[in-house]
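Chain residues, written in single-letter form:
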Amino acid sequence: MTRQFTYSGSPAHIVFGNGASAEVGAWVERLGCKRALVLSTPHQAADGEALADRLGRFAAGTFSGAAMHTPVDVTEAAMRKATEVNADCVVALGGGSTTGLGKAIAYRTDLPQIVIPTTYAGSEVTPILGQTENGVKTTVRDAKILPEVVIYDPGLTTGLPVAMSVTSGLNAMAHAAEALYAQDRNPVSTLMATEGLRALKAALPILTGEPRNLEARGDALYGAWLCGTVLGAVGMALHHKICHTLGGSFDMPHAETHAVMLPHTIGFNAAAVPELLEPVAVLFGDGAGSGLHDFASSVGAPLTLRELGLKQGDLDRAAGIATQNPYWNPRPFDRAAIRALLQDAWEGRRPQD
Ligand code: NAD
């Protein structure tokens, strides 16, 4: 078959290197800005303050209220702060939650964003924003949401706890695995996805023993960039739909849920498109799903939905919600198939494919 594809490159600036975050002031200036509002979670407030100190005259203030799932009331509080300090850009330091807050502000104001990621979630390179209001999570995609500059500085990630490093890394790998069979995949997305999986597969086992290993931190962050980029570039399928359902309707923790579901959803789809998932099978084992299960187990990831707190009695409802709106997946499925898949993930059974 002759090649046929569409490829659109992301317009963001990506800066990568140990110590690269020291350049954040220069990037504020290069964006034509003078007054950055530095964002963080409460947990990383001290890091946010330290970054503001380093920004010196380019720092207008800090806001350290970022929270999971980007609640709209937090965004509104941050926007009041941005107005009060006359901010002309935002600098988000942290994981997907802080990045989400910066995106939510940019979506409403078009203020330029600089993101300094400290997890492997990958949100910093997507034009996608998920936000919550009155308990309902909605997702929007808009060019204004994509951060203008991303600074990856491995030195800032050495304190990411091992358990979070593992689950966040598997969260990133889920973007890449689904990108391999995306309907709108292209040769570049497949290259990036495969390289992202390779880099994280190499880094995570090292980080479990040596969390301060800078080279492995750099590899993991490099993998996260590649995996996040394909998340922003091509469509996701069953895996992301199920994780979205479990996060949105059952308040399950984001990265941990991705980590538990990954071997099951990929194993399920491997039965239909083994040739597209071959990079996963080659990297992790004979079967893409069983290989991912063994890898996740070897790095100490959670393996069951049960240990994440989901009740067995919730599985019927979860299967119902996940199959409510038909959407594309490489393997057709019905409610019974997803119910069985969720049971396997609840128990942590090793997938066959
Ligand atoms: P997170 O940002 O919620 O971080 C979890 C906790 O870890 C926070 O308290 C944070 O401050 C802390 N933390 C982060 N980095 C740390 C570090 N280096 N050292 C110590 N503590 C650190 O978790 P996450 O998994 O990165 O992000 C999850 C959120 O991101 C979810 O809301 C999810 O929906 C969203 N997300 C969005 C996209 C997208 O493209 N829109 C992609 C992936 C994730």
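Residues numbered from 1 in each chain as written. Predicted model: local features only at pLDDT ≥ 70, side-chain atom pairs only at ≥ 80, totals over all residues. Heavy atoms only, no water.

### Some remarks on the overall build of the chain
Looking only at helices and strands, one finds 13 helices and eight strands in the chain. The C-alpha atoms of the chain give a radius of gyration of 20 Å, which matches the 20 Å a tight globule of 353 residues would have. Each principal axis of the C-alpha distribution contributes one length, and for the chain these read about 60 × 45 × 40 Å. By the burial criterion, 55% of the 353 residues in the chain qualify as buried. Residue pairs in contact within the chain that sit at least 24 positions apart in sequence constitute 76% of those at least 6 positions apart. Carbon and sulfur atoms form 51% of the exposed surface of the chain, whose accessible area is close to 14,800 Å². Here the chain contributes 27 positive and 34 negative side-chain charges, whose respective centroids are spaced 2 Å apart. (Helix = DSSP H or I, 4+ residues; strand = E, 2+ residues; numbered from the N terminus. Rg over C-alpha atoms; globule rule 2.2 N^0.38 Å. Buried < 20%, exposed > 50% of the residue type's maximum accessible area, 1.4 Å probe, protein only. Contact = heavy atoms within 4.5 Å. Areas by Shrake-Rupley, 256 points an atom, 1.4 Å probe, with all protein chains shown as cover. Lys, Arg positive; Asp, Glu negative; His and termini not counted. Charge placed at Lys NZ, Arg CZ, Asp CG, Glu CD.)

### Concerning the sheet that holds strand S3 (residues 59-63)
An order of S1-S8-S5-S4-S2-S3 is seen for the six strands of this open sheet, with the pairing classed as parallel. Whereas interior strands pair on both sides, the edge strands pair on one side only; in this sheet they are strand S1 (13-16) and S3. The sheet shows a mean angle of 20 degrees between the axes of neighbouring strands, direction not considered. For strand S2 (residues 36-39) and S3, the ladder comprises four bridges, and the chain directions are parallel. (Pairing = 2+ DSSP bridges. Axes fitted to C-alpha atoms, helices over the stretch in contact; angles between N-to-C directions.)

### A look at helix H9 (residues 254-270)
Think of an α-helix as 3.6 residues a turn; residues three or four steps apart then line up on the same face. Here H9 is 17 residues long and its end C-alpha atoms lie 23 Å apart, about the 24 Å a rise of 1.5 Å per residue gives. Taken across its 17 residues, H9 has 15 buried, putting it largely inside the fold. (Expected span 1.5 Å × (residues − 1).)

### Brief notes about the site of the ligand
Near the ligand there are 22 residues, and of these Thr41, Ser97, Thr118, Thr119 and Thr126 occur at the shortest range. Within the side chain of Gln44, an N or O atom sits 2.8 Å from an oxygen atom of the ligand. His69 places a main-chain nitrogen or oxygen 3.2 Å from an oxygen atom of the ligand. In the complex, the protein chains occlude 85% of the 860 Å² of accessible area that the ligand would expose alone. (Near = heavy atom within 4 Å. Polar contact = N/O pair within 3.5 Å; in protein donor to acceptor, adjacent residues only side chain to side chain.)

### Section: the domain arrangement of the chain
Buried accessible area, meaning the area lost when the parts come together, often serves as the stated size of an interface. Segmentation of the chain into domains returns domain 1 (13-157) and domain 2 (162-347). For domain 1 and domain 2, the distance between their C-alpha centroids amounts to 26 Å. The interface of domain 1 with domain 2 comprises 22 residues on the first partner and 23 residues on the second. Counting across the domain 1 and domain 2 interface gives zero salt bridges. Taken together, the connections running from domain 1 to domain 2 amount to five residue pairs in polar contact (both at pLDDT 80 or more). (Domains from an automatic or database assignment. Salt bridge = Lys/Arg side-chain N within 4 Å of Asp/Glu carboxyl O.)

### So, the nonpolar core
As a rule of thumb, nonpolar side chains are buried together in soluble globular proteins. Leu170, Met173 and Leu277 are the most contacted members of the largest nonpolar core, which has 47 residues in total. For this core, the secondary-structure elements that each account for two or more residues are strand S8 (149-152), helix H5 (162-180), helix H6 (187-209), helix H7 (214-233), H9, helix H10 (278-284) and helix H11 (288-298). With nine residues, H5 is the single largest residue contributor to this core. Two domains each donate at least three residues to this core, and these are domain 1 (13-157) and domain 2 (162-347). (Core = buried A, V, L, I, M, F, W, Y, C linked by side-chain atoms within 4.5 Å.)

### So, the pattern of salt bridges
Tallying each qualifying case throughout the model produces five salt bridges. Two residues, Arg349 and Asp344, come together in a salt bridge whose shortest N-O distance is 2.8 Å. Among the ionic contacts, a cluster of salt bridges with common partners joins Asp344, Glu347 and Arg349.

### Quick word on the state of the cysteines
Using the criterion set out here, one finds zero disulfides in the structure. In this model Cys243 remains outside any disulfide bridge; the closest cysteine sulfur is found in Cys227, 15 Å from its own. Classification of Cys243 as buried rests on a relative accessible area of 8%. (Disulfide = S-S within 2.5 Å.)

### Overview of the packing of H5 against helix H8 (residues 238-250)
Where H5 contacts H8, the axes come no closer than 9 Å and their chain directions differ by 140 degrees. Compared by their axis directions, H5 and H8 come out oblique. Side by side, H5 and H8 meet where Ala174, His175 and Glu178 of the first sit next to Leu238, His239 and His240 of the second. (Parallel < 35°, antiparallel > 145°, perpendicular 65-115°, else oblique.)

### Quick look at the environment of Leu238
On the secondary structure map, Leu238 appears in helix H8. On a C-alpha basis, the gap between Leu238 and Asp153 in space is 32 Å, while along the polypeptide they are 85 residues apart. Those residues in contact with Leu238 that lie beyond four places of it in its chain are Glu178, Thr265, Phe268, Asn269, Tyr327, Asn329, Phe333, Ile338 and Leu341.

### A look at the side chain of Thr304
Tracing the backbone shows Thr304 in the loop between H11 and helix H12 (315-322). Polar contacts involving the side chain of Thr304 include one to the side chain of Glu307, which spans 2.7 Å. Not counting chain neighbours up to four residues away, the residues in contact with Thr304 comprise Val260, Ala345, Trp346, Glu347 and Gly348.

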